[in-house]
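If you want the building blocks of each chain, they are given just below.
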Amino acid sequence: MEKINAIITGVGGYVPDYVLNNEELSRMVDTNDEWIMTRIGIKERRILNEEGLGTSYLARKAAKQLLQKTGVSPLDVDCVIVATTTPDYHFPSTASIVIGKLGMENAFAYDLQAACSGFLFAMDTASALITSGRYKRIMVIGADKMSSMVDYTDRATCPIFGDGAAAVFVEPTTEDLGWKDSYLRTDGKGLPFLCMKAGGSVCPPSYFSLDNRMHYLHQEGRTVFKFAVTNMSDTCALIAERNGLNKDNIAWVIPHQANVRIIEAVANRLELPMDKMMMNIQRYGNTSAATLPLALWDYEKQLKKGDNLILTAFGAGFTWGAAYMKWGYDSSK
Ligand code: COA
């Protein structure tokens, strides 16, 4: 029997209309465009500011575009995985809301929580489901409404994050393409450095947790920065080495969009010029699980069948990793 590989067959994306730029942010907290551009590299981010709309709204807009672009019927999707840290509710899953709204009646669906590494982890899972031979079409969505947990009085975190979502289909092929290799890691020592302190089962919502602003994203930026640089660079180097990838045969690196300086460090380690690093952080900021698929969405037209891509991410947990994917279609057609 021929070997089954898992390829991406289409990309859809969505970012909300509202643009929060550095100028507006400078009126909200003590910051300025120059600091944000030199230390992080973000000019503006998109914010979902309509009341009553959550992550499933972003996810289903992206999913709908994917269905329209590919012409696939919602009934022909076997499984939907939504990578998110900002689900609509503790339960049920955001994925169940997405399939309900879009009529994907034959799919089972669940959320995957690996913070900013969520899309990478979900792709690895989807690839394994496809290569098992049991499923034919999986929709993987990275979606986060980060503005729902950002403290807009904290100048050290509020410039970083934005809202967005993107979705891909993962399907089988017998061609030598698709998800080839991955190296994913999780280390629980990251908890104190990047977390939301209350709202979960350890510290359910209370007047105390509200009074102490414990429902916002808490981050110790310098520590997170160091771990992100080291771990993303190391795993990229490992994936490159064991797959014979180098500056001459890597078409693109798709890095998590957290900080331009982190992306530069990864490029340096792989000895790649910055124009091989997919980047949209300037326009969207860090959309957590959505950064990788949003980059694919933005760059789709430039991708060619057989292109060697390295994807890499880092997030709360800590979670991190890198993967090697051979792109499956000529996207400009
Ligand atoms: N505007 C102006 N000054 C600011 C500021 C802002 N928005 N935020 C912080 N500062 C100040 C600090 O108060 C500090 O001032 P001090 O020296 O007088 O105390 C100074 O800038 C340096 O702060 P520091 O936290 O050391 O800055 P930094 O260079 O580490 O940059 C981050 C901060 C958050 C941008 C950076 O640490 C980072 O990107 N970390 C990783 C974040 C990340 O990737 N998170 C997601 C992972 S999934």
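Residues numbered from 1 in each chain as written. Predicted model: local features only at pLDDT ≥ 70, side-chain atom pairs only at ≥ 80, totals over all residues. Heavy atoms only, no water.

Comments concerning the packing of aromatic side chains
Threshold: Any Phe, Tyr or Trp ring, taking Trp's six-membered ring, that has another such ring centre within 6.5 Å forms a pair; planes under 30 degrees apart are called stacked, those over 60 apart edge-to-face, and the others tilted. The secondary structure listing takes helices from DSSP runs of H or I that are at least 4 residues long and strands from runs of E that are at least 2 residues long, numbered from the N terminus. Here's how the labels work: a residue is buried when its accessible area is under 20% of the maximum for its type, exposed when over 50%, partly exposed in between, all with a 1.4 Å probe on protein chains only. Only when the NZ atom of a Lys or the CZ atom of an Arg is both within 6 Å of the ring centre and within 35 degrees of the ring normal do we say a charge sits over the ring.
Scanning all chains against the criterion turns up nine aromatic pairs. Taking the centre distance of 5.2 Å and the plane angle of 70 degrees together, the rings of Trp252 and Tyr299 count as edge-to-face. Residue Trp252 is located in strand S11 (residues 252–255), and its partner Tyr299 is located in helix H10 (residues 291–299); the two are separated by 47 residues in the primary sequence. Ring geometry for Phe314 against Phe318: centres 4.9 Å apart, planes inclined by 40 degrees, an arrangement best described as tilted. Taken individually, Phe314 and Phe318 each receive the classification buried, so the pair is uniform in this respect. Pairwise contacts between aromatic rings join Phe193, Phe227, Phe314, Phe318 and Trp320 into one cluster. Over the face of the ring belonging to Phe169 we find Arg137, whose NZ or CZ atom lies 5.7 Å from the ring centre. Sitting over the face of the ring of Tyr284, Arg283 holds its NZ or CZ atom 4.8 Å from the ring centroid.

What to know about the site of the ligand
Put simply, the test is: Only heavy atoms are used to decide nearness, and a residue is near a molecule or strand if one of them lies within 4 Å of it. Polar contact criterion, stated in full: a pair of N or O atoms within 3.5 Å, where within protein one must be able to donate a hydrogen and the other to accept it, and residues adjacent in sequence count only if both atoms are side-chain atoms.
The immediate surroundings of the ligand are formed by 23 residues, with Thr31, Arg39, Gln219, Arg222 and Asn259 found nearest. One of the side-chain nitrogen or oxygen atoms of Trp35 is found 3.4 Å away from a nitrogen atom of the ligand. Of all elements in the fold, only helix H2 (33–39), helix H7 (221–242), helix H8 (260–269) and strand S12 (308–315) reach the threshold of two or more residues within the shell around the ligand. For the shell around the ligand, the element with the highest residue contribution is H7, accounting for four residues.

Describing the sheet that holds strand S5 (residues 108–112)
Convention followed: Pairs of strands are assigned from DSSP output, requiring at least two bridges between the strands. Under this scheme, a helix contributes an axis fitted over its contacting stretch, all axes are lines through C-alpha atoms, and angles between N-to-C directions fall in the 0 to 180 degree range. Contacts are residue-level and defined by heavy atoms, with any inter-residue pair within 4.5 Å sufficient.
Judged by pairing direction, the sheet is mixed, and its five strands sit side by side in the order S1-S7-S6-S4-S5 without closing on themselves. One side of each edge strand has no neighbouring strand; the edge strands of this open sheet are strand S1 (5–14) and S5. Within the sheet, the average angular offset between the axes of one strand and its neighbour, ignoring direction, is 20 degrees. Pairing of strand S4 (residues 79–83) with S5 involves five bridges; the strand directions are parallel. Pairing of Val80 across the sheet is with Ala109, part of S5. Lying on the sheet, H10 is in contact with S1, strand S6 (138–145) and strand S7 (163–173); it crosses S1 at an angle near 85 degrees.

Points about the domain arrangement of the protein chain
To be explicit about the condition: Residue ranges labeled as domains rest on an automatic or database domain assignment. Take the accessible area each of two parts loses on contact, using a 1.4 Å probe, and add the two losses: that sum is the buried area. Between Lys or Arg on one side and Asp or Glu on the other, a salt bridge is scored when a side-chain nitrogen of the former is within 4 Å of a carboxyl oxygen of the latter. In this classification, the charged set is Asp, Glu, Lys and Arg, the nonpolar set is Ala, Val, Leu, Ile, Met, Phe, Trp, Tyr, Cys and Pro, and all remaining amino acids, among them Gly, are polar.
The domains assigned to the protein chain are domain 1 (5–178) and domain 2 (180–326). Across the contact, 50 residues belong to domain 1 and 50 residues belong to domain 2. Around 3,900 Å² of area is buried between domain 1 and domain 2 when both sides are counted, 61% of it from carbon and sulfur atoms. If you sort the residues of domain 1 by the area they bury against domain 2, Cys116, Leu120 and Met149 come out on top, with a joint share of 16%. At the junction of domain 1 and domain 2, the tally comes to four salt bridges. Between Asp176 and Lys180 there is a salt bridge, with the nearest N and O atoms lying 2.4 Å from each other. Seen at the junction of domain 1 and domain 2, the total is 24 residue pairs in polar contact (both at pLDDT 80 or more). Mapped onto the side of domain 1 that touches domain 2, the elements with two or more residues apiece are S1, H2, strand S3 (44–47), helix H3 (55–70), helix H5 (118–131), S6 and S7. Here the residues of the side of domain 1 that touches domain 2 sort into 22 nonpolar, 16 polar and 12 charged.

Let's talk about the state of the cysteines
Quick note on the threshold: Here, a disulfide means two cysteine sulfur atoms that sit within 2.5 Å of each other.
Under the criterion given, the structure shown has zero disulfides. Note on Cys158: no disulfide assigned, nearest cysteine sulfur contributed by Cys116 at a separation of 16 Å.

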